[in-house]
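One-letter residues, chain by chain:
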Amino acid sequence: MTKIDLNTIKKRTAAGIIALTSRTLILQVISLVAFSLLTVILTPENIGVYVAVTAIMRIVNFFTDFGFGAAIVQRKNELEERDLKTAFTIQMFTTLIIFLVVWFFQGNVQEFFRLSTAATQLLLALIFTLFLSSFKTIPSFLLERSLHFNKLIYPQIIEALVFNIVVVYLASRGFGVTSYTYSTLLAALAGIPFYYLVSPWKIGLGFSVKSFKVLFYGIQFQAKSILGTLKDDLLTTTLAKFLPFSQLGMLGWGQKWAFFSFRFVVDSITRVTFSTYSRLQEDKRTLASSIEKSLFATALVMFPILGGLMLTASFFLKFIPQYQKWEGGLVSLYFFSLNAAVSSLSNILVNVLDATGRVRTTLKLMVLWLFLTWSLTAIFVYLIGYNGVAVASFLVTLTIFITIRLVKQIVNFAFFQSIKAPLISVFVMAFAVYLFNSLFVTNIFWLAGSIVVGALVYGLVVWSLAKNQILDYLKLMHK
């Protein structure tokens with residue numbers, strides 16, 4: 001692999017953000033359409049079972065993911081074939097062994113988590129997809145390292161289409177939780193060939209002690225992911241022991257809608273900029289500018305979407321009878337939305353710490369967030385019930401000021417200046433939409449008008465406050 005110059009980094013970063021954002025938009029639209037249909041067809045309990053089982057699967061996943069992908073992307077020196085073979089071999093055999101262990105002890109798992117037979121089969125299917133995913137990790141990470149994110153679009157869209165079409169069809173035919181089982185397996189199998197089409201890599205087995213030591217950075221990076229899993233997924237599986245699956249379904253419903261824009265915007269930007277920040281570690285001025293542009297772009301899109309969602313969600317449930325069964329998830333949706341707004345900015349900053357090699361710093365942050373999440377969740381679930389999960393998650397995000405200070409020790413950047421215009425604009429938009437809703441919204445058609453009013457008000461205000469920033473960003477995207 002050849003060294004990439006600064007201009008190429010800028011161009012590929014902009015192209016990567018466009019590619020991943022457009023891809024994520026397509027994926028999220030597909031996912032949301034399917035989820036909207038599923039929330040009509042399935043019960044909150046069915047959705048709750050899926051939430052719990054996927055959380056269990058992600059816990060299993062941290063025993064199989066050693067963070068080699070992050071090491072491959074972040075590594076400054078050239079990669080060798082033995083590095084790739086070592087990473088692939090370790091992950092493939094580990095995932096296979098884990099699947100066999102869970103298969104053998106499935107009865108114990110089923111009893112412990114109070115799972116039905118269908119839910120247990122879904123768990124086995126999800127864990128088997130971890131084994132299948134080992135075959136697509138190397139092609140994927142090679143594209144990320146070279147900043148060719150546009151090529152990742154095709155296999156991921158294929159997977160999303162297969163999964164969502166199959167799951168909705170089977171759910172409509174009365175398969176219930178089993179709908180997720182078949183769709184998960186088919187989607188995983190369908191995607192593999194396309195990864196090798198866009199990023200050819202000859203599969204090979206091998207193990208090198210030297211390569212393993214070189215990739216040790218990935219082990220440290222994975223430690224952060226493990227803490228994240230303990231913070232979120234282990235918490236979900238623990239809640240499954242104490243809360244009914246229907247209440248987990250309400251939490252899952254609120255979180256899904258609240259984090260729609262997060263998956264659409266933040267995941268795309270952080271995935272691209274991890275590689276970008278890694279290559280700009282020595283150029284502090286350009287790094288600061290990149291961070292500020294990332295924060296501005298994230299706030300520009302995230303704030304109005306989340307603000308609009310919070311202002312209109314209750315009206316959608318009121319005017320669409322099929323969705324009224326989800327009214328119990330509204331409080332969770334509000335607090336998860338606030339969580340997503342703050343986390344979208346925090347993730348950009350954590351990404352900077354990781355990309356510049358401050359993995360131990362992010363580990364300390366994760367320990368703090370793990371402690372706060374578990375302790376605050378226990379307190380608020382006890383005080384107000386299952387909605388306390390969302391309340392606690394928002395309160396934890398308020399520690400963002402710590403992350404800001406840590407990044408400022410690396411590079412001098414303007415945090416509040418970067419998000420000021422979108423923040424002011426969304427408050428003006430919220431006031432306008434609230435007035436419009438109070439005076440006019442009596443049916444679904446007036447609600448659509450409220451959304452249009454909100455978009456126009458936000459667009460006009462943010463343009464008047466940040467016209468030059470928006471134009472600069474559009475020029476960068478155009479180039």
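As the structure is a prediction and not an experimental result, all values here were calculated from the model.

A. Broad picture of the overall build of the protein chain. Each helix and strand in the protein chain was counted, giving 20 helices and zero strands. Looking at the protein chain as a whole, 56% of its 479 residues are labelled buried. In the protein chain, the share of contacts with a sequence separation of at least 24, taken over all contacts with a separation of at least 6, comes to 85%. Of the roughly 21,700 Å² of accessible surface on the protein chain, a fraction of 68% belongs to carbon and sulfur atoms.

B. Geometry of the packing of helix α6 (residues 117–133) against helix α9 (residues 178–198). Interaxial distance between α6 and α9 falls to 8 Å at its minimum, and their mutual angle equals 10°. The angle between α6 and α9 places the two elements in the roughly parallel class. In contact with A118, Q121, L122, A125, L126, F128, T129 and L132 of α6, α9 contributes T178, Y180, T181, T184, L185, A188, L189 and I192.

C. Focus on a nonpolar patch on the surface. Together, F93, L96, I97, L100, V101, F104, F105 and L205 give the surface a local cluster of nonpolar side chains, amounting to about 780 Å² of exposed area. With respect to the secondary-structure elements, L205 resides in the loop between α9 and α10 (209–214).

D. Structural context of the nonpolar core. Ranked by internal contacts, the top residues of the largest apolar core, which has 103 residues, are I291, L295, F413 and F415. Counting 17 residues, the second largest nonpolar core, distinct from the first, contains L84, L152, I192 and Y196.

E. Geometry of the environment of A448. Summarising the element assignment, A448 is placed in helix α20 (residues 444–478). Taking C-alpha positions, A448 is 9.5 Å from T312, a pair spaced 136 residues apart along the chain.

F. Expanded view of the environment of G388. Structurally, G388 can be placed in helix α17 (residues 388–397). By relative accessible area, which is 0% here, G388 ends up buried. Here the alpha-carbon distance between G388 and L376, two residues 12 residues apart in the chain, equals 8.4 Å. Beyond its immediate chain neighbours, meaning those up to four positions away, G388 contacts F380 and V381.

G. Quick peek at the pattern of salt bridges. If you walk through the whole model with that rule in mind, you get one salt bridge. Notably, a salt bridge pairs K136 with E159, separated by 2.6 Å at the nearest N-O pair. Taken as a pair, K136 in the loop between α6 and α7 (137–145) and E159 in helix α8 (residues 153–172) lie far apart in primary sequence, 23 residues in all. With respect to burial, K136 and E159 carry one shared label: buried.

H. Expanded view of the confidence of the model for the protein chain. Chain-level statistics for the protein chain give a pLDDT mean of 83 and a share of 81% at 70 or above. When mean pLDDT is compared element by element in the protein chain, α17 scores highest at 96, while helix α3 (residues 68–74) scores lowest at 54.

I. Representation of the packing of aromatic side chains within the structure. Applying the stated rule across the entire model yields 20 aromatic pairs. An angle of 65° between the planes, with centres 6.4 Å apart, marks the rings of F35 and W257 as edge-to-face. Linking F35 in helix α1 (residues 6–41) with W257 in helix α12 (residues 245–258), this pair joins segments that are 222 residues apart in sequence. Of the residues examined, W257 reaches a relative accessible area of 23% and is grouped as partly exposed. Centre to centre, the rings of F175 and Y182 are 6.4 Å apart; their planes meet at 80°, and the pair counts as edge-to-face.

J. View of unusual backbone geometry. Even without being a glycine, R114 presents a positive backbone phi close to 55°. Along the polypeptide, R114 turns up in the loop between α5 (106–112) and α6.

K. Just helix α18 (residues 400–408), in detail. Within α18, the full set of buried residues consists of I400, I402, T403, I404, L406 and V407. On its buried face, α18 is in contact with α14 (284–319), α15 (330–355), α16 (359–384), α17 and α19 (415–440).

L. Molecular detail of the packing of helix α4 (residues 81–104) against α6. Direction vectors running N to C along α4 and α6 enclose 165°, while the axes themselves pass 8 Å from each other. The angle between α4 and α6 falls in the class roughly antiparallel. Note on packing geometry: the crossing formed by α4 with α6 is left-handed. When α4 is examined against α6, the residues M92, T95, L96, I98, F99, V102 and W103 are found in contact with a partner set consisting of L124, I127, F128, L130 and F131. Here the contact of α4 with α6 is built from residues that sort into 11 nonpolar, one polar and no charged.

M. Spotlight on α6. Taking 1.5 Å as the rise per residue, α6 with 17 residues should run 24 Å; its terminal C-alpha atoms sit 25 Å apart, in good agreement. With 13 of 17 residues buried, α6 lies mostly within the body of the structure.

About the criteria used
Residues take numbers from 1 onward in each chain, read along the sequence in its written order. Where totals are concerned, whole chains, interfaces and linings use all residues; where local detail is concerned, this predicted model gives features only for residues with pLDDT of at least 70, and gives and counts side-chain atom pairs only at 80 or more. Where side-chain values are given, they derive from all heavy atoms of the structure, hydrogens and water being excluded. Secondary structure elements are defined from DSSP: runs of H or I of at least 4 residues count as helices, runs of E of at least 2 residues count as strands, and each element is numbered from the N terminus. Exposure classes here rest on a 1.4 Å probe applied to the protein chains alone. A residue is buried below 20% of its type maximum, exposed above 50%, and partly exposed in between. Any two residues whose heavy atoms approach within 4.5 Å at even a single point are treated as in contact. Using the Shrake-Rupley algorithm and a 1.4 Å probe, accessible areas are obtained, with residue cover drawn only from the displayed protein chains. Between the N-to-C directions of two axes lies an angle of 0 to 180 degrees, each axis being a line fitted to C-alpha atoms and, for a helix, fitted only over the stretch in contact. Throughout this description, any angle smaller than 35 degrees is read as roughly parallel, any larger than 145 degrees as roughly antiparallel, any in the 65 to 115 degree range as roughly perpendicular, and the remainder as oblique. Patch building starts from residues that exceed 30% relative accessible area and form no salt bridge, then joins like charges within 9 Å and nonpolar side chains (Val, Leu, Ile, Met, Phe, Trp, Tyr) within 5 Å. Salt bridge, as applied in this entry: a Lys or Arg side-chain nitrogen positioned within 4 Å of an Asp or Glu carboxyl oxygen. To qualify as a nonpolar core, a set must consist of buried Ala, Val, Leu, Ile, Met, Phe, Trp, Tyr and Cys residues joined through side-chain atoms within 4.5 Å. Predictor confidence is given residue by residue as pLDDT, running from a minimum of 0 to a maximum of 100. Aromatic pairs are defined between Phe, Tyr and Trp rings, using the six-membered ring for Trp, whenever the two ring centres lie within 6.5 Å; interplanar angles under 30 degrees are classed as stacked, those over 60 as edge-to-face, and all others as tilted. Should the near helix be turned counterclockwise from the far one by less than a right angle, the crossing is left-handed, whereas a clockwise turn marks it as right-handed. Classification used: nonpolar for Ala, Val, Leu, Ile, Met, Phe, Trp, Tyr, Cys and Pro, charged for Asp, Glu, Lys and Arg, polar for all others including Gly. In this analysis, the expected span of each helix is defined as 1.5 Å times one less than the number of residues it contains.

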